[in-house]
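Results of the structural survey
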Number of protein chains: 2
Amino acid sequence: MKAEVLTIGDELLRGEITDSNKSFLSERLLTLDVETRFHVTCADDRADMADVFRCAAARSDVVLVSGGLGPTRDDLTIEVLADTFGLELVLHEPSLEALRGFFARFGREMAAINEKQAWFPEGAEVLDNPIGTAPGTMLEVPRDGLQGAEGERSSSGGSALFFCMPGVPRELHKMMDEQVLPRIASRRRVASWVRASLLHTFGIGESNLDEMLRDVALPEGVELGFRTQFPDNHVRPVARAASAAEADAKLARSCELLRERLGALVYGEGEETLEAVTGRLLRERGKTLSVAESCTGGMIGELLTATPGSSVYFKGGVVAYWNDAKTALLGVPDAMLKQHGAVSEPVARAMAEGARARFGSDLAVATTGIAGPTGGSAEKPVGLIYVALASAAGSQVRELQLAFDRERNRRLTAQIAIDWVRRHLLGASLDLPRLGRVERKS
Amino acid sequence: MKAEVLTIGDELLRGEITDSNKSFLSERLLTLDVETRFHVTCADDRADMADVFRCAAARSDVVLVSGGLGPTRDDLTIEVLADTFGLELVLHEPSLEALRGFFARFGREMAAINEKQAWFPEGAEVLDNPIGTAPGTMLEVPRDGLQGAEGERSSSGGSALFFCMPGVPRELHKMMDEQVLPRIASRRRVASWVRASLLHTFGIGESNLDEMLRDVALPEGVELGFRTQFPDNHVRPVARAASAAEADAKLARSCELLRERLGALVYGEGEETLEAVTGRLLRERGKTLSVAESCTGGMIGELLTATPGSSVYFKGGVVAYWNDAKTALLGVPDAMLKQHGAVSEPVARAMAEGARARFGSDLAVATTGIAGPTGGSAEKPVGLIYVALASAAGSQVRELQLAFDRERNRRLTAQIAIDWVRRHLLGASLDLPRLGRVERKS
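No experiment lies behind these values; they were computed from the predicted model shown.

1. A closer look at the pairing of strand E1 (residues 3-8) of chain A
All names here are of chain A. Burial analysis of E1 places 6 of its 6 residues in the buried class, the great majority of the element. Residues Ala3, Val5 and Thr7 point to one face of E1 and Glu4, Leu6 and Ile8 to the other, with burial holding for every one of them. Strand direction decides the pairing type here: E1 and strand E2 (residues 36-42), joined by 6 bridges, are parallel. When the bridges of E2 are listed, Ile8 appears paired with Cys42.

2. Examining the domain arrangement of chain A
What the domain assignment lists for chain A is domain 1 (3-191), domain 2 (194-269) and domain 3 (275-426). For domain 1 of chain A versus domain 2 of chain A, the distance between C-alpha centres works out to 34 Å.

3. Section: the sheet that holds strand E7 (residues 136-142) of chain A
Think of a sheet as strands paired side by side through backbone hydrogen bonds, with each pair either parallel or antiparallel. Strands sit in the order E6(A)-E7(A)-E8(A)-E3(A)-E1(A)-E2(A)-E2(B)-E1(B)-E3(B)-E8(B)-E7(B)-E6(B) across an open sheet of 12 strands; the sheet is mixed. Strand pairing shows two members of the sheet lacking a second neighbour, strand E6 (125-127) of chain A together with strand E6 (125-127) of chain B, which therefore form its edges. For this sheet, the mean angle separating the axes of adjacent strands, direction not counted, is 20 degrees. Pairing geometry for strand E1 (residues 3-8) of chain B and strand E3 (residues 62-66) of chain B, over 5 bridges, is parallel. The residue bridging Val5 of chain B from the neighbouring strand is Leu64 of chain B, located in E3 of chain B. Together, E1, E2, strand E3 (62-66) and strand E8 (159-165) of chain A form the strand contacts of helix H2 (residues 20-30) of chain A, whose direction differs from that of E1 of chain A by roughly 160 degrees. Strands E2 of chain A together with E1, strand E2 (36-42), E3, strand E7 (136-142) and strand E8 (159-165) of chain B of the sheet are contacted by helix H3 (residues 46-59) of chain B, whose axis makes an angle of about 170 degrees with E1 of chain B.

4. Quick look at the sheet that holds strand E16 (residues 363-369) of chain B
Pairing is mixed in the open sheet, where 10 strands are placed in the order E18(A)-E17(A)-E16(A)-E14(A)-E15(A)-E15(B)-E14(B)-E16(B)-E17(B)-E18(B). Edge positions in the sheet fall to strand E18 (394-401) of chain A together with strand E18 (394-401) of chain B, since each has one partner strand and no second. The average angle at which neighbouring strand axes cross in this sheet is 10 degrees, direction not considered. With 5 bridges connecting them, strand E15 (residues 314-320) of chain A and strand E15 (residues 314-320) of chain B associate as antiparallel partners. Along E15 of chain B, the bridge assignment pairs Val318 of chain A with Val318 of chain B.

5. Brief notes about the state of the cysteines
Under the definition given, this model contains 1 disulfide over all chains. What pairs with Cys55 of chain A in a disulfide is Cys55 of chain B, and their sulfur atoms sit 2.4 Å apart. The S-S bond linking Cys55 of chain A to Cys55 of chain B shows a torsion near -125 degrees; that makes this disulfide left-handed. A residue pair is termed interchain when its members come from two chains, as with Cys55 of chain A in helix H3 (residues 46-59) and Cys55 of chain B in helix H3. Under the relative-accessibility criterion, Cys55 of chain A is labelled buried at 6%. This cysteine, Cys164 of chain B, is not joined by any disulfide, and Cys42 of chain B carries the nearest cysteine sulfur, 12 Å off. For Cys164 of chain B, a relative accessible area of 0% corresponds to the buried category.

6. What about H3 of chain A?
All names here are of chain A. For H3, with 14 residues, the first-to-last C-alpha span of 20 Å sits near the 20 Å given by 1.5 Å per residue. Counted residue by residue, H3 has 12 buried out of 14 residues, so it is predominantly covered. By the burial criterion, the buried members of H3 are Asp48, Met49, Ala50, Asp51, Val52, Phe53, Arg54, Cys55, Ala56, Ala57, Ala58 and Arg59. The N-terminus of H3 is capped by Asp45, whose side-chain oxygen sits 3.1 Å from the backbone nitrogen of Ala47.

7. Quick notes on the packing of aromatic side chains
The description of two aromatic rings rests on the distance between their centres and on the angle between their planes. Throughout the structure, instances matching the rule amount to 11 aromatic pairs over all chains. Seen from their ring centres, Phe230 of chain A and Phe404 of chain A are 5.1 Å apart, and the 65 degrees between their planes marks the pair as edge-to-face. Taken together, the residues span a long stretch of sequence, with Phe230 of chain A in the loop between strand E11 (222-229) and strand E12 (232-241) and Phe404 of chain A in the loop between E18 and helix H14 (406-426) at a distance of 174 residues. Measuring from centroid to centroid gives 6.2 Å for Phe102 of chain B and Phe103 of chain B, while their planes differ by 75 degrees, and the two rings are edge-to-face. The same class applies to Phe102 of chain B and to Phe103 of chain B, which are both buried. Following the ring pairs from residue to residue traces out a cluster consisting of Phe53, Phe85 and Phe162 of chain A. The side chain of Arg408 of chain A reaches across the aromatic face of Phe230 of chain A, ending 5.4 Å from its centre.

8. What to know about the relation of the copies chain A and chain B
Once turned by 180 degrees and shifted 0.0 Å along the axis, chain A lies on chain B with an RMSD of 0.1 Å. Taken together, the turn and the small shift mark the pair as related by a two-fold rotation axis. Here 100% of the contact residues of chain A are again contact residues in chain B; the copies associate through an equivalent surface.

9. Looking at the interface of chain A and chain B
Listed by partner, the interface residues are 64 residues for chain A and 64 residues for chain B. Between chain A and chain B, roughly 5,200 Å² of surface is buried when both sides are summed, and carbon and sulfur atoms account for 52% of that area. Counting across the interface, chain A meets chain B through 8 salt bridges. A salt bridge links Lys2 of chain A to Asp48 of chain B; its shortest N-O distance comes to 2.7 Å. In this structure, the connection of chain A to chain B is made through 28 residue pairs in polar contact (both at pLDDT 80 or more). For the side of chain A that touches chain B, the class distribution of residues is 24 nonpolar, 20 polar and 20 charged.

10. A short note on the packing of H2 of chain A against helix H6 (residues 169-187) of chain A
Residue and element names in this part refer to chain A. At a minimum axis distance of 11 Å, the contact between H2 and H6 shows a crossing angle of 25 degrees. Between H2 and H6, the crossing angle belongs to the class labelled roughly parallel. Classified by chirality, the crossing of H6 by H2 is right-handed. Residue-level contacts link Asn21, Phe24, Leu25, Arg28 and Leu29 of H2 to Pro169, Leu172, His173, Met176, Asp177, Leu181 and Ile184 of H6. Of the residues contributing to the contact of H2 with H6, the split by class is 8 nonpolar, 2 polar and 2 charged.

11. Comments concerning the side chain of Lys2 of chain B
Its location among the elements puts Lys2 of chain B in the segment before E1. Ignoring any residue separated from it by four or fewer positions in sequence, one finds Lys2 of chain B in contact with Asp48 of chain A together with Arg37, Arg59, Ser60, Asp61 and Val62 of chain B.

12. Here we look at helix H8 (residues 244-262) of chain A
Residues and elements named next belong to chain A. When the terminal C-alpha atoms of H8 are compared, their 27 Å separation across 19 residues agrees well with the 27 Å that a helix rising 1.5 Å per residue should span. Turning to H8, its buried residues number three or more, namely Ala247, Lys250, Leu251, Ser254, Cys255, Leu257, Leu258 and Leu262. Lining the buried residues of H8 we find strand E9 (193-196), strand E10 (199-201), helix H7 (206-213), E11, E12 and strand E13 (266-269).

13. So, unusual backbone geometry
All names here are of chain A. The omega torsion across Gly372 and Pro373 is 0 degrees, close enough to zero to call that bond cis. Relative to the helices and strands, Pro373 resides in the loop between strand E16 (363-369) and strand E17 (384-391). With a phi angle near 65 degrees, Asp33 is a residue other than glycine that sits in the positive phi range. In this fold, Asp33 is placed in the loop between H2 and E2.

Calculation rules
Residues numbered from 1 in each chain as written. Chains lettered and ligands numbered in written order. Predicted model: local features only at pLDDT ≥ 70, side-chain atom pairs only at ≥ 80, totals over all residues. Heavy atoms only, no water. Buried < 20%, exposed > 50% of the residue type's maximum accessible area, 1.4 Å probe, protein only. Helix = DSSP H or I, 4+ residues; strand = E, 2+ residues; numbered from the N terminus. Pairing = 2+ DSSP bridges. Domains from an automatic or database assignment. Axes fitted to C-alpha atoms, helices over the stretch in contact; angles between N-to-C directions. Contact = heavy atoms within 4.5 Å. Disulfide = S-S within 2.5 Å. Expected span 1.5 Å × (residues − 1). Polar contact = N/O pair within 3.5 Å; in protein donor to acceptor, adjacent residues only side chain to side chain. Phe/Tyr/Trp six-rings, centres within 6.5 Å; stacked < 30°, edge-to-face > 60°. Lys NZ or Arg CZ within 6 Å of the ring centre and 35° of its normal. Least-squares fit on C-alpha atoms with pLDDT ≥ 70 in both. Buried area = accessible area lost by both parts, 1.4 Å probe. Salt bridge = Lys/Arg side-chain N within 4 Å of Asp/Glu carboxyl O. Nonpolar A, V, L, I, M, F, W, Y, C, P; charged D, E, K, R; others polar. Parallel < 35°, antiparallel > 145°, perpendicular 65-115°, else oblique. Left-handed = near helix turned anticlockwise from the far one by under 90°.

Written out as structure tokens, the structure is:
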């Protein structure tokens, strides 16, 4: 089955905004095991749209169209679709009533211009839009009457199934899931149902992850994909089955097996962030946290406080960028700074312990290092970073040698520090990340 | 002139990565006043690519193709292009020599597979690629032999000018600017040369900005656009002229006039960030800065230290999330917190003064407020935020009532604090932002 996604709108062609509907529609097609073959974007222009509809009908079996269903004169999708394939527009009374009802619910009278949204090409099926004014449309276009771009075509015969959906993401998402996907599944031969999930891991490189999972006995029809989203690596189990329920069950079982194998390397699933997961653990265990940041410059505090309600467990932090701030605000001894330098194991430890004491928190993490691109020396090169964790049980410090740019060295350091808090709360080891370009020096 | 941009690659259709070449090419076409009419993406598949090339040749005058020029068997652009329009491939000896030279420079022998990159459709012009192995191609395809998708076409006759460029962004950018744009300009009637810039403003809403600039006497042929990129608003002067030099001159004059009118509201141009501009001012004037953050949670420190070399002027900060941290680390009197609450004018002032004293910095900024979505009360609603600036000349505090979500309330607060430092250093007023949804309560 060949699928094509068409998005319509002048604003999409300037490249200033990301066309997220396109990605969404292609991703949802994958749940029916359908790969999108063409993405096409064109302007709100009659001739251009007709061109695009004709090309799509000639080469694709399923055509998803987003946008151009509004009430204004720029909204041309339905008119041009009917025109292109020589169809009349007919009034759909139930849609007109629904439109009137929609406006009545908001205590407003429907403008005459909105009536346009109740007209559809003859033979089209109307798709309800319970959360907006623009209904969708399904239209089957027989390919026999069409002349393809090259005259004779391999894909001639059969038909192209057009689905027109509103461009408003919320409405598009609902219509795609509830109305379009089931119709594709019943009208077109669907090879299999597909369900996928995304397990977030931190602390292991992609190839090591692959290696670790090689002999997990996943249910038949389940494949693993891997995605890197710095500083994390994600595992993506994809389950295929003859029914949606069976695919769901296979996926659940796979996630269970993967979590069993990976243990604390998995910190979350789907949309969960490391800082939100860590915050939830702190809250559940009634523990508080403070931070002492040098090279991360406030990033750990910023990440932790991005989660609403973080004031329950996050007491605060010190960004000790200059040495005298490390002394004045964290009590790092001046002699220690002189002897070992700011980027050193004892200073990292003293920073964490200083923060823990001054904020009176159960836990404290500290970072000190050289993020780059300048500031390194032969003895202390760019990327040399220390992370420390202080708790009632004492302090632990690790030396890292990172090899990314400034931004990613800082981001990775912040992630390690937050992950240490999570691991500490879970009673897991604080082993260093086995990431591609992190080396442990000692 | 109708222009079309084609990008080729399986990975682009899954929506996992952003297809930045597409935006780049459309943006560069605008410098010749050419709007892109179609964006098309297809997989590395012979039949699909042929389909796409045929549709493009039938409807567009200029077709920019990115990707598929590599040496592997997945790289099909040139072969399919020749095939589609019934052309033979011929060996281009100078390209073969250039390829051999390229490998020789790296001390490697050229693999047989790379020879493929020296073959081009008959009649094509080869475009040098001085920084990669894949040369580009310009091919003029007469439209007369083509049958459009609808048989007879309004745009029939004439020809479509194809430009194939490597998908590697660095190589694509260079080839587009140095070889493709001049050829389009000489082969196609270019209406005008266009030059544009982007002035970053902070502290004024889009409609006020428009209003303020209404009577600026810009040179003829210059238009203004406006773009919002939270928390900033950008002004985009676009200059059109009969030559590139004339367009450059008009643009420079426009920027001058706009800066004159807007004064300190403009903080930078092009890629400049507020924190980098503010850092440069601190460095130039030999001043140091510290911060005391409550609701921004470390974001100001994080933004300031994202700029390499910021340790010259940024001494550090305190993230005082809990009240006892405000007392212990910034010396905010306990009685003041009890009397006025943490979110109050006296506490913001005491935080800034406390940071300035403890860090021994020339300047200090402080933030305290309720970022939301919870934590507000009737007296102190969500969005109530205080920003303070302390200097040798004394302290200034302002009360804000922001009406965004947590993330944007925090981001806007951080931007206001950094902008105050910039304005203080410039001797400009610390007037509150006249942004759409910021209200000044007192």
